[in-house]
Amino acid sequence: MTQTINVLFLAAEAEPFVKVGGLGDVAGSLPRALRALSSDKVKLDVRLVLPHHPVMRADAKPLGIFSIPRGESEVQVEAFESSLDGMPVYFISGEPIQASGSVYSSDPKLDAEKYSFFSLAALELPRQINWTPNVVHANDWHTALAAYGLLTKRWEEGTRKIASLVTVHNLPFLGPDVSAILESYGVKLAQTDLPEWARVMPMPLGLWASDAIVAVSPTYANEILTPEYSSGLDEFLKSRRETVHGILNGLDTASFNPAEDSALGVNFDIDSLEKRAENKTLLQERLGFSVEPETPLLAIVSRMDPQKGVDIALHALRNMRHSRLKWQAVILGTGDPKLEETALKLQADNPDRVRVETRYDAGLARQIYAGSDIFLMPSRYEPCGLSQMIAMRYGCVPVVRAAGGLNDTVKHGETGFVFEEPKAKALADAIRGALKDFPDHDVWQKIQRAGMMQDFSWANSAQKYLELYQSLIKNL
Ligand code: GLC
């Protein structure tokens with residue numbers, strides 16, 4: 001007999017509809033990877049639900065209008081329907097979603113309203129489409145309240161148990177105080193064993209209510225149990241230790257494939273690594289560097305954010321500017337205006353060595369992965385990280401800090417270079433180590449090949465989620 005598992009998958013963003021960061025990559029590919037695991041034994045009917053952000057391009061048709069109670073009155077919910085490779089995708093709209101133009105607002109009040117409404121409205125959607133989920137799978141604080149809402153619904157209505165799971169992509173974003181909003185929707189604040197300050201926030205409430213917590217890498221799953229990385233929730237998370245899992249994200253290996261990537265000047269793979277050099281030439285030309293095949297080209301492609309340690313990298317490069325070792329460096333990314341300014345200053349002081357592009361440019365990013373030699377990722381914390389995986393797939397050797405998913409994906413001396421301390425000196429030492437190996441083509445190619453040979457596809461990780469769903473359903 002075939003077991004059917006229905007999964008309501010909720011996220012704030014998902015490729016190809018709307019993407020701001022790594023969450024969008026994951027929510028775009030994981031649900032489809034899960035559906036692709038369907039076999040004679042188990043059918044996975046995963047359906048994706050997203051807010052109908054005003055900024056979004058989505059070709060969706062109206063599905064229906066319903067409402068959820070709020071105070072003495074109610075709020076109207078408009079649902080739309082679309083599909084992606086045969087997967088049903090639903091969009092939810094309503095006044096609180098229309099009120100904020102962007103995916104994430106700089107006004108926490110707008111986001112509090114928007115995502116509380118979205119999480120609660122999404123829980124009502126299955127009834128409207130006559131389909132019952134076995135699992136509600138939420139992602140990050142924006143949708144974590146669905147797990148909480150589900151639990152309180154269960155208490156009140158004595159409904160059939162539906163399992164819930166929250167994937168943690170970025171724990172420090174706990175979400176704003178939503179106590180008044182929840183109350184207005186008739187959702188009571190429970191007596192929880194959370195720290196008092198956390199009892200009004202979406203992420204902690206969702207984690208508290210969920211049957212399983214998934215961190216996006218095994219190392220991050222351990223890190224969030226420690227004071228340094230837990231955003232104050234370590235005692236609580238430790239008490240839930242047996243429900244905390246670490247499942248490494250996969251990569252959309254069809255899209256990130258150097259053999260077929262149309263953004264590249266020259267395509268290549270592990271058997272034609274020599275062609276990669278042409279991409280380096282093209283990149284050096286495009287950036288206005290002198291074309292020097294033997295000069296190592298360092299790269300950063302990142303949001304300009306303290307999380308990513310961009311300041312550490314800029315500091316390290318500044319300290320290395322008098323080094324006898326030759327190098328060039330390209331930095332692509334936008335974000336924190338101060339970091340952008342520091343990066344531009346480094347460029348102004350080192351016009352021969354440093355190029356800074358302060359914008360989001362997916363095409364140039366791919367050319368950098370394909371044409372540069374060394375990829376820097378000195379993150380202060382990194383739940384999973386996708387860029388280091390893309391870099392390795394494109395033969396660009398990563399230098400990373402031993403944090404979260406970086407620690408799980410890069411092996412020092414084998415596929416890249418790993419350092420411990422989030423300090424410029426530690427990074428500079430690691431870069432020097434890489435620069436020392438770089439001129440030896442045999443040694444370097446061995447590292448490149450080891451990185452390119454790794455399997456970063458979603459199949460393994462999706463299988464782990466499937467097993468987790470199955471164990472949750474069994475334990476209901
Ligand atoms: C967040 C994390 C990043 C992770 C991504 C997807 O953006 O910062 O490390 O790869 O989510 O899970």
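In this text, all values refer to a predicted model and were calculated from it rather than measured experimentally. (Residues numbered from 1 in each chain as written. Predicted model: local features only at pLDDT ≥ 70, side-chain atom pairs only at ≥ 80, totals over all residues. Heavy atoms only, no water.)

Points about unusual backbone geometry
Look at the link from Glu15 to Pro16: it is a cis peptide, with omega at 0°. Note on placement: Pro16 falls in the loop between β1 (3-10) and α1 (22-35). The phi dihedral of Asp140 is positive, around 60°, even though this residue is not glycine. Its location among the elements puts Asp140 in helix α4 (residues 140-157). (Helix = DSSP H or I, 4+ residues; strand = E, 2+ residues; numbered from the N terminus.)

Considerations on the domain arrangement of the protein
Looking at the protein, the domain boundaries give domain 1 (3-250 + 459-474) and domain 2 (270-455). Computed from C-alpha coordinates alone, the two centres of domain 1 and domain 2 are separated by 34 Å. When the area that domain 1 buries against domain 2 is broken down by residue, the three leading residues are Thr219, Tyr229 and Leu248, summing to 31%. At the boundary of domain 1 with domain 2, the tally comes to zero salt bridges. On inspection of domain 1 and its partner domain 2, the count reaches eight residue pairs in polar contact (both at pLDDT 80 or more). Mapped onto the side of domain 1 that touches domain 2, the elements with two or more residues apiece are α1 and α7 (218-223). The dominant element in the side of domain 1 that touches domain 2, judged by the number of residues it contributes, is α7, at four residues. Split into classes, the residues belonging to the side of domain 1 that touches domain 2 amount to seven nonpolar, eight polar and three charged. (Domains from an automatic or database assignment. Buried area = accessible area lost by both parts, 1.4 Å probe. Salt bridge = Lys/Arg side-chain N within 4 Å of Asp/Glu carboxyl O. Polar contact = N/O pair within 3.5 Å; in protein donor to acceptor, adjacent residues only side chain to side chain. Nonpolar A, V, L, I, M, F, W, Y, C, P; charged D, E, K, R; others polar.)

Some thoughts on the state of the cysteines
Put plainly, two cysteines are in a disulfide when a covalent bond ties their sulfur atoms together. For the structure on display, the rule yields zero disulfides. Here Cys384 is not cross-linked by a disulfide; its sulfur's nearest cysteine counterpart is in Cys396, at 17 Å. (Disulfide = S-S within 2.5 Å.)

With respect to the site of the ligand
In the neighbourhood of the ligand, the contacting residues comprise Gly22, Leu23, Val26, His169, Asn170, Val216, Asn249, Gln307, Glu382, Pro383, Cys384 and Gly385. Gln307 has a polar side-chain atom sitting 3.1 Å from an oxygen atom of the ligand. Here an oxygen atom of the ligand sits 3.4 Å away from a polar atom, N or O, in the main chain of Pro383. Per-class residue counts for the shell around the ligand are five nonpolar, six polar and one charged. Structurally, the shell around the ligand is a two-domain feature, drawing no fewer than three residues from each of domain 1 (3-250 + 459-474) and domain 2 (270-455). (Near = heavy atom within 4 Å.)

What to know about the side chain of Asp140
Put simply, Asp140 is tucked away with no salt bridge, and the nearest opposite charge, on Arg303, sits 9.2 Å away. Of the polar contacts made by the side chain of Asp140, one reaches the backbone nitrogen of His169; its length is 2.7 Å. Excluding its chain neighbours within four sequence positions, the residues that come into contact with Asp140 are Leu23, Val166, Thr167, Val168, His169, Asn170 and Met203. (Buried < 20%, exposed > 50% of the residue type's maximum accessible area, 1.4 Å probe, protein only. Lys, Arg positive; Asp, Glu negative; His and termini not counted. Contact = heavy atoms within 4.5 Å.)

A word on the packing of aromatic side chains
In this structure the tally under the stated criterion is eight aromatic pairs. Both rings, one in Phe17 and one in Phe91, keep their centres 5.2 Å apart while their planes meet at 80°; by these two values the pair is edge-to-face. Taken together, the residues span a long stretch of sequence, with Phe17 in the loop between β1 and α1 and Phe91 in strand β5 (residues 87-93) at a distance of 74 residues. Taking the relative accessible area as the measure of exposure, Phe17 reaches 8% and is therefore buried. (Phe/Tyr/Trp six-rings, centres within 6.5 Å; stacked < 30°, edge-to-face > 60°.)

Some thoughts on the sheet that holds strand β3 (residues 61-70)
The nine strands are arranged β3-β4-β5-β2-β1-β6-β7-β8-β9 in an open sheet whose pairing can be described as mixed. Since the sheet does not close on itself, it has two edges, and those belong to β3 and β9 (244-246), each with one partner. The average undirected angle you get between the axes of adjacent strands in this sheet is 25°. In this fold helix α6 (residues 202-209) packs onto β7 (163-168) and β8 (212-215), with an angle of close to 135° to the strand it touches most, β7. (Pairing = 2+ DSSP bridges. Axes fitted to C-alpha atoms, helices over the stretch in contact; angles between N-to-C directions.)

Comments concerning the sheet that holds strand β12 (residues 354-357)
Spatial ordering of the open sheet is given by β12-β11-β10-β13-β14-β15, a layout of six strands whose pairing is parallel. Two strands close off the open sheet at either side, each with one partner strand: β12 and β15 (417-419). Pairs of neighbouring strands in the sheet enclose a mean axial angle of 15°, with direction left out of account. Where strand β10 (residues 297-301) and strand β13 (residues 374-377) come together, two bridges link them in parallel fashion. When the bridges of β13 are listed, Ala299 appears paired with Phe375. Sitting on the sheet, helix α12 (residues 362-371) is in contact with β10, β11 (328-332), β12 and β13, with an inclination near 145° to β10. Taken strand by strand, helix α16 (residues 441-452) contacts β13, β14 (397-401) and β15, and its axis lies near 75° from that of β14.

Overview of the packing of helix α10 (residues 310-319) against helix α11 (residues 337-349)
For the pair α10 and α11, interaxial distance at closest approach is 10 Å and the crossing angle is 15°. Relative to α11, α10 is oriented roughly parallel. Handedness of the α10/α11 crossing: left-handed. Along the contact surface, α10 presents Val310, Asp311, Leu314, Leu317 and Arg318, while α11 presents Leu339, Thr342, Ala343, Lys345, Leu346 and Asp349. Classifying every residue of the contact of α10 with α11 gives six nonpolar, one polar and four charged. (Parallel < 35°, antiparallel > 145°, perpendicular 65-115°, else oblique. Left-handed = near helix turned anticlockwise from the far one by under 90°.)

Considerations on the side chain of Ser29
Within the element layout of this structure, Ser29 appears in helix α1. A polar contact of 2.7 Å, which involves the side chain of Ser29, links it to the backbone oxygen of Asp25.

A closer look at the pattern of salt bridges
A full pass over the atoms with the stated rule returns 22 salt bridges. As a salt-bridge pair, Arg47 and Asp45 come within 3.0 Å of each other at their nearest N and O atoms. Each member of the pair, Arg47 as well as Asp45, is classed as buried. A salt bridge links Lys425 to Asp429, with the shortest nitrogen-to-oxygen separation between them at 2.9 Å. Of this pair, Lys425 and Asp429 both sit in helix α15 (residues 424-437), separated by four residues, roughly a single helical turn. The partly exposed category is assigned to Asp429, whose relative accessible area is 38%. Several salt bridges share partner residues, and in doing so they unite Arg286, Glu357, Arg359 and Asp361 into one network.

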